[in-house]
Amino acid sequence: MLRRRHIFKTISWRFIGTIDTLLLSFVITGDLIFGFKISILELLSKMILYYLHERFWFKSSVYESSKRHLYKTFTWRLIATCDTIFLGWLISGDPFIGLQIGFAEVVTKMVLYFMHEKVWYKINFGLKNR
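Predicted model, so just to flag it, every value in this text is computed and none were measured. (Residues numbered from 1 in each chain as written. Predicted model: local features only at pLDDT ≥ 70, side-chain atom pairs only at ≥ 80, totals over all residues. Heavy atoms only, no water.)

K.L.:
Describe in detail the overall build of the protein chain, supporting the description with residues and values.
P.N.:
For the protein chain, the helix and strand inventory stands at four helices and zero strands. Listed by position from the N terminus, the elements making up the protein chain come as α-α-α-α. For the protein chain, the C-alpha radius of gyration of 15 Å lies close to 14 Å, the compact-globule estimate for 130 residues. Oriented by its inertia axes, the alpha-carbon framework of the protein chain measures out at about 45 × 25 × 20 Å. (Helix = DSSP H or I, 4+ residues; strand = E, 2+ residues; numbered from the N terminus. Rg over C-alpha atoms; globule rule 2.2 N^0.38 Å.)

Now the structure itself:
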């Protein structure tokens, strides 16, 4: 049951993250096709990375809500930003495009991720007891 929780959290976050990446990529490059390319690749890479991140944090000894959400937000953002920079560079061939998208995401996605964590913390789906 717990793995289902992590899978559903992964899917819900990836939906939010993919839309954000698509919009930021389009705004930065002016190329909607580029936005779709990076978003599709991220859909795959980040779902795997996010699931692994969730499993790691589930086994963590940090239980206090505010600290936990904050630590998870920063560790996930570091992993995800590196992934975005790499994919942006890979697709465009220009490392500066990857850096621009990656750094723009830092702010938008940290806010979105923190809110996502707060919502999921209140949902008991997949938990026997808290």
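K.L.:
Tell me what's going on with the side chain of Glu 42, and back it up with residues and numbers.
P.N.:
Structurally, Glu 42 is set in helix H2 (residues 32–58). Classification of Glu 42 by relative accessible area gives buried; the value is 0%. (Buried < 20%, exposed > 50% of the residue type's maximum accessible area, 1.4 Å probe, protein only.)

K.L.:
Any details on helix H4 (residues 95–122)? Residues and values, ideally.
P.N.:
In a regular helix each residue adds 1.5 Å, so 28 residues correspond to 40 Å; H4 covers 39 Å between its end C-alpha atoms and thus fits that length. Of all the bends in H4, the greatest, near 35°, is centred on Val 106. Among all positions of H4, only Ile 97, Gly 98, Ile 101, Gly 102, Glu 105, Lys 109, Met 110, Tyr 113, His 116, Glu 117 and Trp 120 are buried. At its buried positions, H4 is contacted by helix H1 (2–29), H2 and helix H3 (65–92). Looking at where H4 begins, the residue whose side-chain oxygen comes 2.9 Å from the main-chain nitrogen of Phe 96 is Asp 94. (Expected span 1.5 Å × (residues − 1). Bend = angle between axes of the 7 residues up to and from the residue. Contact = heavy atoms within 4.5 Å. Polar contact = N/O pair within 3.5 Å; in protein donor to acceptor, adjacent residues only side chain to side chain.)

K.L.:
I'd like to hear about a nonpolar patch on the surface, residue by residue, with values.
P.N.:
A grouping of Phe 26, Val 27, Leu 32, Phe 36 and Ile 40 is seen on the molecular surface, where their side chains present a nonpolar patch of about 490 Å² in accessible area. Secondary structure elements with two or more residues in the nonpolar patch: H1 and H2. It is H2 that contributes the most residues to the nonpolar patch, three residues altogether. Structurally, the position occupied by Leu 32 is in helix H2. (Patch = residues over 30% accessible without salt bridge, like charges linked within 9 Å, V, L, I, M, F, W, Y side chains within 5 Å. Areas by Shrake-Rupley, 256 points an atom, 1.4 Å probe, with all protein chains shown as cover. Salt bridge = Lys/Arg side-chain N within 4 Å of Asp/Glu carboxyl O.)

K.L.:
Run through the packing of H3 against H4, naming residues and quoting values.
P.N.:
Between H3 and H4, the least distance of the axes is 7 Å, while the angle of their chain directions is 150°. In terms of orientation, H3 lies roughly antiparallel with respect to H4. Handedness of the H3/H4 crossing: right-handed. Grouping the amino acids of the contact of H3 with H4 by side-chain chemistry returns 15 nonpolar, nine polar and six charged. (Axes fitted to C-alpha atoms, helices over the stretch in contact; angles between N-to-C directions. Parallel < 35°, antiparallel > 145°, perpendicular 65-115°, else oblique. Left-handed = near helix turned anticlockwise from the far one by under 90°. Nonpolar A, V, L, I, M, F, W, Y, C, P; charged D, E, K, R; others polar.)

K.L.:
Explain the confidence of the model for the protein chain to me, and be specific about the residues and the numbers.
P.N.:
Caution applies to low-pLDDT regions: their predicted coordinates should not be interpreted in detail. The share of residues in the protein chain with pLDDT of 70 or more is 98%, and the mean pLDDT across the chain is 89. Looking across the protein chain, the model is least confident in H3, with a mean pLDDT of 90, and most confident in H4, with 92. (pLDDT = per-residue confidence, 0-100.)

K.L.:
Break down H1 for me, with residues and values.
P.N.:
Between its first and last C-alpha, H1 extends 40 Å over 28 residues, near the 40 Å set by a 1.5 Å rise per residue. Just beyond H1, the residue with positive phi is Gly 30, at close to 75°.

K.L.:
Kindly report on the environment of Tyr 71, identifying the contributing residues and their values.
P.N.:
Among the structural elements, Tyr 71 can be located in helix H3. Tyr 71 gets classed as partly exposed once you look at its relative accessible area, which sits at 39%. Sequence-wise, Tyr 71 and Phe 114 are 43 residues apart; in three dimensions their C-alpha atoms are separated by 10.0 Å. Beyond its immediate chain neighbours, meaning those up to four positions away, Tyr 71 contacts Trp 57 and Val 62.

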